[in-house]
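Per-entry structural report
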Amino acid sequence: MPFAVRALCLASVTVLGASPVSVAADDWSVVPSSGGRDGRPYFYAEGAPGTVLQDTVSVRNPGGKPLTVRLRGADADNGDDGTLSVRARAKDTGAWITFAERTVRIPARTRADVPFTVSVPADTAPGDHPGAILASAAGRTAAVRVQLRVGGPTLSALTVEHVRIHDGLISYELVNRGTTVLTPRLAVRAEGLFGEVLDRAPRTLPVELLPGRRVRLDEPWPDPPVLDGVDVGLTVTAEGGARAGADARVWFVPRTAGVVGALSGLAVCAGGALWLVRRVRRVRRVRRRGLPGLTEGAGRPRTEVDTTGVGTSEVETTGAAR
C-alpha cells in the first residue's frame, strides 16, 4: 500500500525542523521519492494496526565523487525546549522501518531510490507515531520525517504544569496527554491587587508537541509590577478540543535596600503628615475660641482647653484624653 500524501509543513535535509535547509551544490540530500508526485516535504502514512506500508526514499549525490550512505529509521522526539529531534534508540516507528538496502553506494551526479516498508504491529495504539529516516555520509547526518497515523479512536489532551515566575519570565511545562501531535496556543492573564497587569491574546507557540512528551517553555515578562501581589493564569488550547490551564500567585517587592529605603521614606512622610495635621488642628481651635497660644510650663505637659458646651476637659497635645 503506498503512502497517502498530505501537503503539511515540515520538511528536512539536515534536521527535523519546520522548514527545508538549503545545501551547497556539492552536498548530498535525502528526500521522499517524487514518484510522479510533486515535492512531498515529508512522508505521510496512515493505516490500521497490522498494516505494512511501502514507499521509496531518494538520496541525491550532485557531487563529483561516489558517495556511500547508510540509512536507518528513528523515532521523532521533543527536546526539553520543544525543538524536534530524534531518539537515540528506536522503539516505535523507527523500529518498524525496513530498507531494501541499508548501505547504498551512489555514483557521482546521480540519485539512488531505495524502497522501504513500515510494518505496523497489530497491537499498536491508535494515534500519531512520528518517526524519521536518517541518512549518514561524509561526516553528516540528514533526516526526512515520517508522519505515521495508526487508525482508530484518537484523543487530544494536554496539561499545563509547574508554573513559575522569575527573572522576567513565566516558566511552565506542557505535557501532551493524548495520542495526536499538537500545536498549542497560549493565552496569559495576570491580575494584581489594583487590577489587570497583563493580558495577552492567544498565540501559536513555536512547538510541535508529540504524544506523551513534556517540554519546558518560557514566556517573557520584561516589565512586571514593582510592588504588587499578582495572580497569573495560563490557558493553552490545541486542535481536537484540547484545553488546559494553570495558575500561580507571586508577590513583587523591591530588593532589600529598596524595601528599607521605602519603609524609611514612608515613616518620615507619615510622621511629617501627622505633625502637620495636629498643628493645623491646634491653630484652628485657638482661632475659633479666641484664646491665646499655648504655653509650656517647666515639667508640665503641654495642654489645651477644649470647650464642648457641656463642660471643660484638659487634653494632652498627643490627643490622648486624661
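Predicted, not measured: the structure shown is a model, and the values here were computed from it. Counting starts from 1 at the beginning of each chain's written sequence and moves along it residue by residue. For this predicted model, a pLDDT threshold of at least 70 governs which residues receive local features, and a threshold of 80 or more governs which side-chain atom pairs are given and counted, while totals over whole chains, interfaces and linings are taken from all residues. Computation of side-chain values covers all heavy atoms of the structure but excludes hydrogens and water.

Some thoughts on a nonpolar patch on the surface
Every patch collects residues that have over 30% relative accessible area and no salt bridge, joining them within 9 Å if they carry like charges and within 5 Å if they are nonpolar side chains (Val, Leu, Ile, Met, Phe, Trp, Tyr). Computed by Shrake-Rupley with a 1.4 Å probe, the accessible areas treat only the displayed protein chains as cover when residues are assessed. Throughout this description, the term salt bridge denotes a Lys or Arg side-chain nitrogen within 4 Å of a carboxyl oxygen of Asp or Glu. A contiguous nonpolar surface patch, about 780 Å² in accessible area, is contributed by Leu193, Phe194, Val226, Leu227, Trp251 and Val253. Inspection of the secondary structure puts Trp251 in strand β17 (residues 242–252). Burial classes: relative accessible area under 20% of the type maximum marks a residue as buried, over 50% as exposed, and values in between as partly exposed (1.4 Å probe, protein chains only). Residue class for Trp251 comes out exposed when judged on its relative accessible area of 57%. Per the convention used, a helix needs a DSSP run of H or I reaching at least four residues, while a strand needs a run of E reaching at least two, with both numbered from the N terminus.

A look at the environment of Asp113
Mapped onto the elements of the fold, Asp113 is located in strand β8 (residues 110–119). A sequence separation of 79 residues divides Asp113 from Ser34, and the C-alpha atoms of the two residues are 9.9 Å apart. By definition in these notes, contact holds between two residues if any of their heavy atoms fall within 4.5 Å. Filtering out sequence-adjacent residues up to four positions away, Asp113 remains in contact with Ser33, Thr56, Val57 and Ser58. Among the polar contacts made by the side chain of Asp113, one reaches the side chain of Ser58 at a distance of 2.5 Å. Under this definition, polar contacts are N or O atom pairs within 3.5 Å; protein pairs additionally need one hydrogen-donor-capable and one acceptor-capable atom, and for neighbouring residues in sequence, both atoms have to be side-chain atoms.

A few points about the pattern of salt bridges
In total, this model carries 16 salt bridges according to the counting rule given. Here Arg200 and Glu219 are joined by a salt bridge, their closest N and O atoms 2.8 Å apart. Of the two residues, Arg200 is situated in strand β14 (residues 195–204) and Glu219 in strand β15 (residues 214–220); the sequence distance between them amounts to 19 residues. Residue classification places Glu219 among the buried positions, given a relative accessible area of 4%.

Examining the packing of aromatic side chains
The relative placement of two aromatic rings is captured by the distance of their centres and the angle of their planes. Working definition: a ring pair exists when centres of Phe, Tyr or Trp rings (six-membered ring for Trp) sit within 6.5 Å. Plane angles under 30 degrees give stacked, over 60 give edge-to-face, the rest tilted. Tallied over the full model, the rule gives three aromatic pairs. Geometrically, the ring pair formed by Phe99 and Phe116 is tilted, given 5.9 Å between the ring centres and 50° between the ring planes. Of this pair, Phe99 sits in strand β6 (residues 97–99) while Phe116 is found in strand β8, placing the two residues 17 residues apart along the sequence. On the basis of relative accessible area, Phe99 is assigned to the buried category, the value being 8%.

Side note on the confidence of the model for the protein
Scored from 0 to 100, pLDDT records how confident the predictor is in each individual residue. In this model, the protein carries an average pLDDT of 80, and 70% of its residues clear a pLDDT of 70 or more. Across residues 1–25, where pLDDT falls below 50, the model places 63 contacts with residues more than four positions away in sequence or in other chains.

Re the pairing of β17
What you see with β17 is a clean split: Ala242, Ala244, Ala246, Ala248, Val250 and Phe252 sit on the buried side and Arg243, Gly245, Asp247, Arg249 and Trp251 on the side with no burial. Strand direction decides the pairing type here: strand β16 (residues 228–238) and β17, joined by eleven bridges, are antiparallel. Its bridge partner lying in β17, Leu234 is registered against Ala246. If you look at the hairpin formed by β16 and β17, you'll find three residues sitting between the two strands, and Gly240 has a positive phi there, around 85°. In this analysis, strands are considered paired if DSSP registers two or more bridges between them.

Here's the deal with the environment of Val230
Within the secondary structure, Val230 sits in strand β16. Judged by its relative accessible area of 0%, Val230 is buried. Remark: the alpha-carbon pair of Val230 and Phe194, spanning 36 residues in sequence, is separated by 9.4 Å. Residues within four places of Val230 in sequence aside, it is in contact with Ala190, Glu191, Gly192, Val197, Trp221, Pro225, Ala248, Arg249, Val250 and Phe252.

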